[in-house]
Amino acid sequence: MISESKLKILTESAKYDVSCSSSGSKRKNGGGIGNGYAAGCCHSFTPDGRCISLLKILMSNDCVFNCKYCMSRADADVPRVSATPEEICELTIDFYKRNYIEGLFLSSAVHKSPDYTMEQLLLTVKKLRTEYGFYGYIHLKGIPHAHESLVREAAKYADRMSYNIELPSEKSLKLLAPQKSRESLLLPMEQLRREKVAFQEEKHKGHFLPAGQTTQMIVGASPEKDGQIIRLTQSLYRTFGLKRVYYSSYVPVVRDPLLPDMPTGELREHRLYQADWLLRFYGFDAEELLEEDGDLSLEFDPKCAWALRNLHLFPVEVNKAPVEVLLRVPGIGARSAYKIAEARKYASLTFETLAKMRVVLKRARHFITAGGKFYGSENSAAVRGMLSSGVRTPVQMSMFADGQNALLSDFETARSALTGEL
Amino acid sequence: MIYFYDGSKDAFLTAFLLAYNDGDATLTSGSAQLSIGSQTVFVQADFSRARRAEKRLLAIDKGSMRDLSVLLRSGDGDRDMVALDYFKFLAKTGRPVREMLAEDCVLAAAECMRRVGNEVHRFHGFVRFMETGCGALYAPISPDNDICDLLVPHFRARLPGFPFVIHDVKRKKAAVYDGEHTFLAPLDRAEIVLSAGEEKWQALWRDYYDGVNIPSRKRLKQMRGYMPVRYWKFMPEKKG
Ligand code: SF4
């Protein structure tokens, strides 16, 4: 059994990774222990409001790299420990069978060398699957600069892998994480993308990252603007087919002249998640949302801000506008848009029927007509005022918690509930 | 008229027939406020009447008995009336009404059923098993709704090699999986002998829970929203 002190050190250092999602895998129980729960499942919530879904732990915090923002960096004077593959497997199984967790999120500092570390991670997940008969969720962090054969092998056992992009620009990466290069992060992402496509085309038996790849970047440790971040996000989705990009607002755990002393505002992080949502589900391009050297508005959510810049496109008629256009109306979320599209097949919609269908009109009414009628304000200054007064809640509903909600079975719906329907 | 019944399906269906044309009916399986002069009747389950009602409702809506079973699991104080109104409306309308959410009685029933479903999903995460000396797993729970047997398929699918007991301590019953079969049994108090490692694993779990928290971000309200305090009783990470 792993010792208490080791467990503490190895979780303390892993906890700033924001992803804790266990969704996307339908792995069936093959006679051992565990299975996948495609919608994801939260097992507990910590006082910081985050969900615990996975056992998030490092294999080792003994690092040869020297990322400035990290408390495990080589220069830091901290106790160093490493767990054995057996300790991790046993911990996972014993937590899992008590229903504490949905699976394992295994990561590591670069211990000895990238290849050595990746070998240890691979050994652990392979053992967990084959010797311990574990069918639950495994998210494995990839180690930059590790040999590609190790990466390929690991993908056979993990449900999800992630290479963290860490910082939004190559320049900041050089400055703050000097041993990690853009290439060392992007090449394995590309490799996994390619191999997954090949795997699917050849209809192999077994699994190859059923829950895909994700990444994470720290926001606010370096000077990049939201415009750059959102453009980078867009290209990560488009080029590598990532499932998710996570943003982690910078929390200072280390003092360094190159790093800010203050944590990043959580509203900024929230706005980035909202913009990310617009890219993935609402058909927006980064270029429409903001300039490359601009930041997202803190006052308005990104869809609202876009609509206010494009008032000439509104109001749109709910009985006629295509779904893609409805999705762009502030206050109308995906569910409402499809409800409207369904309902208008049978009858012409009025504001009363919309209200009955529980479409929230508080913001939307300024941007739509129903049967030619308009109930919003024509005065754009008044509209701005009304809209901005209604957006204070996101501060408490920050998205730094992984967007799972025990109340909602569908992971992405939960996400939308948390981001606030746009 | 006030109709008392025992909360079972057949007694509900019997009462449903009796109260069908009573516009003033109050149906309850708990307590009701009696005012002077109010008339009461205690409805016993009547097998043949219940089958008659069941047949009629099923002919209108194939999903009606599933709805009823969910509604009767609800711990909401008004669930008997919600169910009665819903089935009366269903019978009067003569076709499935599930989607007619603009009707108050349909909406109330839908919300009531949704709460039951939500709690099942929540407990997929919140159940905490303890390992007993013989290797079986034991989890006490105290849910709002009567759901312990609904939790079994989920855990059986992922832990096929582990016999387990999910014990609803409030309703004094337990859903049991003996490694082969599942069944429901009355259970008042369980005498549990924990395995040698159990307390250590619980302690490690508490360490983990404390370790992953980021203290500079305090959002207790959010935590309690997702994981209401009434569920904490059987979670090692929230005890002591
Ligand atoms: S590689 Fe960088 S971020 Fe990772 S543990 Fe080492 S110092 Fe920290």
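What you see is a predicted model, and the numbers here were worked out from it, not measured in a lab.

Within chain A, the regular secondary structure consists of 15 helices and 10 strands. Against the 2.2 N^0.38 benchmark of 22 Å for 422 residues, chain A shows a C-alpha radius of gyration of 23 Å, consistent with a compact globule. On the principal axes, the C-alpha backbone points of chain A span a range of 70 × 55 × 40 Å. Sorting the 422 residues of chain A into buried and exposed places 61% on the buried side. Relative to all contacts within chain A whose residues are 6 or more apart in sequence, the contacts with residues 24 or more apart total 68%. For chain A, the accessible area works out to roughly 16500 Å², and carbon and sulfur atoms hold 54% of it. Within chain A, the 50 negative side-chain charges are centred at a point lying 5 Å from the centre of the 56 positive side-chain charges.

With that out of the way, let us pick up the overall build of chain B. Within chain B, the secondary structure is distributed over 8 helices and 8 strands. Over its C-alpha atoms, taken along the principal directions, chain B stretches across nearly 60 × 45 × 40 Å. Split into buried and exposed, the 240 residues of chain B put 50% on the buried side. Counting 36 positive and 31 negative side-chain charges, chain B places the centres of these two groups 4 Å from one another.

Another aspect to go through is the site of the ligand. Cys63, Phe65, Cys67, Cys70, Arg73, Ala109, Val110 and Lys180 of chain A make up every residue found near the ligand. Partitioned by chemical class, the residues of the shell around the ligand number 6 nonpolar, no polar and 2 charged.

Before going further, it helps to examine the environment of Thr214 of chain A. Residues and elements named next belong to chain A. Residue position: Thr214 is located in strand 7 (residues 213-219). We classify Thr214 as buried; its relative accessible area is 2%. A sequence separation of 25 residues divides Thr214 from Met189, and the C-alpha atoms of the two residues are 9.2 Å apart. Thr214 has contacts with His139, Arg160, Met161, Ser162, Tyr163, Leu242, Lys243, Arg244 and Tyr246, leaving out every residue within four places of it along the chain.

With that out of the way, let us pick up the pairing of strand 6 (residues 164-168) of chain B. Residues and elements named next belong to chain B. Here strand 6 lies mainly inside the structure; 4 of its 5 residues are buried. As defined by bridge partners, strand 5 (residues 137-141) adjoins strand 6 across 5 bridges and the pair is classed as parallel. Paired with Pro140 across the strands is His167, a residue of strand 6. Following the chain from strand 5 across helix 6 (residues 152-158) to the adjacent parallel strand 6, one finds a crossover that is right-handed. Pairing geometry for strand 6 and strand 7 (residues 173-177), over 5 bridges, is antiparallel. Opposite Phe164, over in strand 7, you have Tyr177 as the bridge partner.

The subject of this paragraph is the interface of chain B and chain A. Every contact between the two is made by 50 residues of chain B and, on the other side, 58 residues of chain A. Summed over both sides, the interface between chain B and chain A buries roughly 4900 Å², with carbon and sulfur atoms accounting for 58% of that surface. Looking only at chain B, the three residues that lose the most surface to chain A are Arg158, Trp201 and Arg217 of chain B, adding up to 18% of its buried area. There are 6 salt bridges connecting chain B and chain A. Among the salt bridges present, the one from Arg158 of chain B reaches Glu102 of chain A, with a minimum N-O distance of 2.6 Å. Viewed at the interface, chain A and chain B are joined by 31 residue pairs in polar contact (both at pLDDT 80 or more). The greatest single-element share of the side of chain B that touches chain A, amounting to 11 residues, is contributed by helix 7 (residues 198-212) of chain B. Classifying every residue of the side of chain B that touches chain A gives 26 nonpolar, 12 polar and 12 charged.

What the rule picks out here adds up to 42 salt bridges over all chains. Of the charged contacts, one joins Arg268 of chain A and Asp226 of chain A as a salt bridge, the two residues approaching to 2.8 Å between their closest N and O atoms. One end of the pair, Arg268 of chain A, is in helix 8 (residues 266-281); the other, Asp226 of chain A, is in helix 7 (residues 226-240), and 42 residues separate them in sequence. Measuring nitrogen to oxygen at the nearest pair gives 2.9 Å for the salt bridge that ties Glu342 of chain A to Lys345 of chain A. Residues joined by salt bridges that share partners form a network here, namely Asp94, Lys97 and Arg98 of chain A together with Glu131 and Glu198 of chain B.

Attention shifts here to the confidence of the model for chain A. Of the residues in chain A, 92% reach a pLDDT of 70 or more, and the chain-wide mean stands at 88. Taken as a whole, residues 390-422 of chain A scores under 50 in pLDDT and shows 110 contacts with residues more than four places along the chain or in a different chain.

Conventions we followed
Residues numbered from 1 in each chain as written. Chains lettered and ligands numbered in written order. Predicted model: local features only at pLDDT ≥ 70, side-chain atom pairs only at ≥ 80, totals over all residues. Heavy atoms only, no water. Helix = DSSP H or I, 4+ residues; strand = E, 2+ residues; numbered from the N terminus. Rg over C-alpha atoms; globule rule 2.2 N^0.38 Å. Buried < 20%, exposed > 50% of the residue type's maximum accessible area, 1.4 Å probe, protein only. Contact = heavy atoms within 4.5 Å. Areas by Shrake-Rupley, 256 points an atom, 1.4 Å probe, with all protein chains shown as cover. Lys, Arg positive; Asp, Glu negative; His and termini not counted. Charge placed at Lys NZ, Arg CZ, Asp CG, Glu CD. Near = heavy atom within 4 Å. Nonpolar A, V, L, I, M, F, W, Y, C, P; charged D, E, K, R; others polar. Pairing = 2+ DSSP bridges. Right-handed = clockwise from strand over helix to strand, strands pointing away. Buried area = accessible area lost by both parts, 1.4 Å probe. Salt bridge = Lys/Arg side-chain N within 4 Å of Asp/Glu carboxyl O. Polar contact = N/O pair within 3.5 Å; in protein donor to acceptor, adjacent residues only side chain to side chain. pLDDT = per-residue confidence, 0-100.

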